[in-house]
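# A look at the structure
Each chain, letter by letter, is given below.
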Amino acid sequence: MPDFYLLVPLVEGQLSPQKEKRAVKATGQAAHGRSGFSDSNSKWLAPAKAKKTQPKGNHVELSSDGEVEEGSWEMEEEEEEDGSDEEMVDDYGASSSEDEELLPIEKAALKQKPDRECLSEDDSEEEDEEEEEDEEASKQKMGQKEEEGTDLQLNLDIDEQFKLPTNEEIEKEDILLSVTSPPDLHVIHQRIQGNMEVLQDFGVKREEGRSRQEYLALLRRDMAAYYSYSDFLLTKLMDIFPLPELINFLEANEVPRPVTIRTNTLKTRRRDLAQALINRGVNLDPLGKWSKTGLVIYDSTVPIGATPEYLAGHYMLQGASSLLPVMALAPQENEHILDMCCAPGGKTSYIAQLMKNTGMILANDSSAERLRSVVGNLHRLGVTNAVVSNCDGRQFPKVLGGFDRVLLDAPCSGTGVISKDPAVKTNKDEKDILRCAHLQKELILSAIDSVNAASETGGYIVYCTCSIMVEENEWVVDYALKKRNVRLVATGLDFGKEGFTRFKDRRFHPSLKCTRRFYPHTHNMDGFFIAKLKKFSNAIPQTQKDEEPAVEAAAPPSVPNTIVTEPLPKKKKLEGSKADEEQKLPQPALKKKRSLQAQRRPFKVVRPSSKMMRPKDLARRKKHRVKANGQ
């Protein structure tokens, strides 16, 4: 659209009051610094006249938007400003009363407003049409993308309803996996999500004629392929967690846990240690309200395991979950404490700092190689109340006993620390779990026997594992409750999930609610199990009769010529009752009954003895013997 200009004549002396004020202000600034007011200088108060610069004719140029072109107006000032710091306020477009007269430029601008509104309406209509066209084009593009996405979404209908693949499709996938091509993780992940949606509302979204077991079998197969777990371990995990929580657990195991350190209060304070590490370029925060010594490390410009503070023993690299068993043990000063499986020494040194290097700690481990790291850490951290021993924990009560408290961090399958050791996903089976559970049962009984129930301050046992399997945790503790005079007490930890009191077809003691479970997806720490036991008697209870019959029935009797005395009274009672019945019966009925019993009895071939034989028969036998000897 071509620009047009409006010629407006200039009328001298036609200024708005605002322009007059501005002129007065300008003259006042120019006159600043002169002598006072007098008749000779009364012109200072006169308003400056607006003067137009007319390079090309006597007219004012306006653009199509009604704005004045630059340089069209200039105020004539008598003298220059003297450099004052007052800000100049632009009063263009300021509001004025209705009685004030408008400048010709302003009138022309008002006349052009309707024209511009008409033009803007036309432009807006054109813009709306363009927007509609863009929306249609975008819809077409989205439709194309959706069509392309349907090729990737396996087993999903137009209504996004999940359908189970047929056996032929599964066999084809197995063949492709066995040959060369890797699994399509995107397709598997979509199938896992669709399967989960169906299982959460199974009654509505399931396929007709398909059972829940088929959906679960496919889900287990897909998760094993997507997360690289063995079928055995996934089956165990599906028994422990609900399905939505299981996905969160598997995802959490793919991410490493935060790096945490424990302040050694034997040598420094947490505040001083944090400041020293921050000065070295370490980004850290306190671990949590539940810990007074822990720090979590986000990133660092220096290696955390090689700083001068680490070498000086001011802190220990230790997982957050490893602090919890010592807090549950709550060691007191001047106590005798046994750490039955102490390597690599993090829990032992934490016990020592809580005891302030008083009393005595027996740090035991069955591996001599791992004890080297224990000795090094204890020296570096300044622990002086510990004795290191290399013994089998199962034989330990015979070696030394009478401790106030015992900490048993039992060896386990490691299913709670998969983020640290991904090999656990595939190298564990049922035999490994049962083998660990058997060893743990032996160790927990030895730990209980090593505690003195008469201790004034102690008598406690803390059992913990870095496993989440029920066979290694609640099952073992429930076994200890039956075999020894102990009871479960509160761990003293404010967070964590309660232990199982029932799992599948097994029922455990109700007090197992006092135990605590920790998971990576809920507490952002390694999976852990903690139970605290209180021993109330040093006597070992005898085995319960309810448990023995099953064992005795399986084992052969130890003494061959045993005489069973219990069934005899019953036999006498039966014989007595039969005799009473026979006496009550009449004689004819009694004879008939005895004849029937004789018929039912089996015939026995009895060899006659010499006493029962007749004399003739004896003589014949003697003659036969004599003839045989003569021949």
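Analysis parameters
Residues numbered from 1 in each chain as written. Predicted model: local features only at pLDDT ≥ 70, side-chain atom pairs only at ≥ 80, totals over all residues. Heavy atoms only, no water. UniProt positions renumbered as here; feature names shortened; annotations may be inferred. Helix = DSSP H or I, 4+ residues; strand = E, 2+ residues; numbered from the N terminus. Buried < 20%, exposed > 50% of the residue type's maximum accessible area, 1.4 Å probe, protein only. Contact = heavy atoms within 4.5 Å. Polar contact = N/O pair within 3.5 Å; in protein donor to acceptor, adjacent residues only side chain to side chain. Pairing = 2+ DSSP bridges.

As recorded in an unreviewed UniProt entry, the chain goes by NOP2 nucleolar protein and comes from Ficedula albicollis. Note on the chain: under the UniProt heading Subcellular location (unreviewed entry), the record states "Nucleus, Nucleolus". UniProt, in its Sequence similarities (unreviewed entry) section for the chain, records the words "Belongs to the class I-like SAM-binding methyltransferase superfamily. RsmB/NOP family."

For the rest of this paragraph, the subject is the environment of Lys497. Of note, Lys497 is situated in strand β13 (residues 497-498). Residue classification places Lys497 among the partly exposed residues on the basis of a relative accessible area of 32%. Sequence spacing of Lys497 and Lys513 is 16 residues, and the spatial spacing of their C-alpha atoms is 8.9 Å. Contact partners of Lys497, with chain neighbours within four places excluded, come to Glu245, Thr515, Arg516, Arg517, Tyr519, Thr522 and His523. Of note is the side chain of Lys497, whose polar atom sits 2.7 Å from the side chain of Glu245.

The buried count for strand β3 (residues 259-263) comes to 4 of 5 residues, which makes it a mostly enclosed element. Pairing between β3 and strand β5 (residues 294-300): 4 bridges, direction antiparallel. Looking at β5, one finds that Thr260 is bridged to Val296. Note that β3 and strand β6 (residues 315-317) share 3 bridges and pair antiparallel. Pairing of Arg262 across the sheet is with Met316, part of β6.

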